[in-house]
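Letter by letter, the chains look like this.
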Amino acid sequence: MASRLDRTQVVDTALRLLNEVGLDGLTLRRIAKELNVQAPALYWHFKNKQELLDEMATEMFRRMAAEFAGAPPGGSDANWQDMLRVSCRTLRRTLLGYRDGGKVFSGTRMTDDSYAGPMDALLRALTDAGFTLGEAAHAWWAAYNFTIGLVIEEQSVFPEPGAPEQRTPDSRDPAYDLGDRERRLAGRYPLAAAVGREFFDDFDRAFEGGLRIVIAGVEATVPRGGADETP
């Protein structure tokens, strides 16, 4: 039975189940049941759940990178700012397509070199613009971690996978009752009360606003041609 399974089958099934049961509910036993095999059959391909998560994250990235079809993010004439914007927007949209996609992607290791081409193109655009390699690395790292962190927060509020425009009022986790939050905080902490809707209501606006701040910070604060080129 194990010989008839391959890694692609296991990963495709795991990604589908992820959308149904979430990261906490995703187990090798459950995947094996879905594939109609015994759990030990999966260990021919993955020693443990972490190895499976690494491959799932890599497959997410492969699917995302395929959107660029050999061209750099933003197109062949894009400047580094556009490439950074498109890369982060595509990353966010891809991860939102999977339940707990941000958590799955965060902290995992790529199992092949599919990430290297897009990363090289972005770093090339930054270094061609005058950044040292270390500065370019810090710029991408800041934008990447902002995007991953926002997606994790966003998926705690809207756990169902899918694009933001597909959400309905029922998509929000009931624990995030903004009206109740405002009522509890308004008397003593009016600003903290009012800001809840900025944090938990319109994530498209929050993402785009934060991304503008990150890019503006890179433009304004990273010294060009500095002596320290260590990432």
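Parameters and conventions
- Residues numbered from 1 in each chain as written.
- Predicted model: local features only at pLDDT ≥ 70, side-chain atom pairs only at ≥ 80, totals over all residues.
- Heavy atoms only, no water.
- Helix = DSSP H or I, 4+ residues; strand = E, 2+ residues; numbered from the N terminus.
- Buried < 20%, exposed > 50% of the residue type's maximum accessible area, 1.4 Å probe, protein only.
- Areas by Shrake-Rupley, 256 points an atom, 1.4 Å probe, with all protein chains shown as cover.
- Salt bridge = Lys/Arg side-chain N within 4 Å of Asp/Glu carboxyl O.
- Phe/Tyr/Trp six-rings, centres within 6.5 Å; stacked < 30°, edge-to-face > 60°.

Looking at an unreviewed UniProt entry, one finds the protein named TetR/AcrR family transcriptional regulator and attributed to Streptomyces olivaceiscleroticus.

Draft legend 1. Focus on the overall build of the protein. Counting its regular elements, the protein contains 11 helices and 0 strands. Along the first, second and third principal axes, the C-alpha atoms of the protein reach 60 × 50 × 30 Å. Here the protein, with 231 residues, has 43% of them falling under the buried criterion. For the protein, the exposed surface amounts to about 12,700 Å²; the carbon and sulfur share of it is 51%.

Draft legend 2. How the structure looks around the pattern of salt bridges. Scanning the entire structure with this criterion turns up 20 salt bridges. Between R63 and D12 there is a salt bridge; the shortest N-O distance is 3.0 Å. A residue pair is termed long-range when its members are at least 10 positions apart, and R63 in helix 3 (residues 49-65) and D12 in helix 1 (residues 7-25) qualify at 51 residues. Its salt-bridge partner being R16, residue E20 comes within 3.8 Å of it at the nearest N-O pair. In this pair, E20 and R16 are both assigned in helix 1, 4 residues apart and thus about one turn of the helix distant. For R16, a relative accessible area of 38% translates into the label partly exposed. A network of salt bridges, in which partner residues are shared, links R7, D12, E55, E59, R62, R63 and D112.

Draft legend 3. Summary view of the packing of aromatic side chains. Taken as a whole and judged by the stated rule, the model has 7 aromatic pairs. Centre to centre, the rings of W141 and Y144 are 5.5 Å apart; their planes meet at 10°, and the pair counts as stacked. Taken together, the residues W141 and Y144, both in helix 7 (residues 133-157) and 3 residues apart, mark about one turn of the helix. The class for Y144 is buried, based on a relative accessible area of 15%.

Draft legend 4. Just unusual backbone geometry, in detail. Unlike most non-glycine residues, N36 shows phi in positive territory, near 60°. On the secondary structure map, N36 appears in the loop between helix 2 (28-35) and helix 3. Of note in the backbone geometry, D100 takes a positive phi value of approximately 60° without being a glycine. With respect to the secondary-structure elements, D100 resides in the loop between helix 4 (80-96) and helix 5 (101-105).

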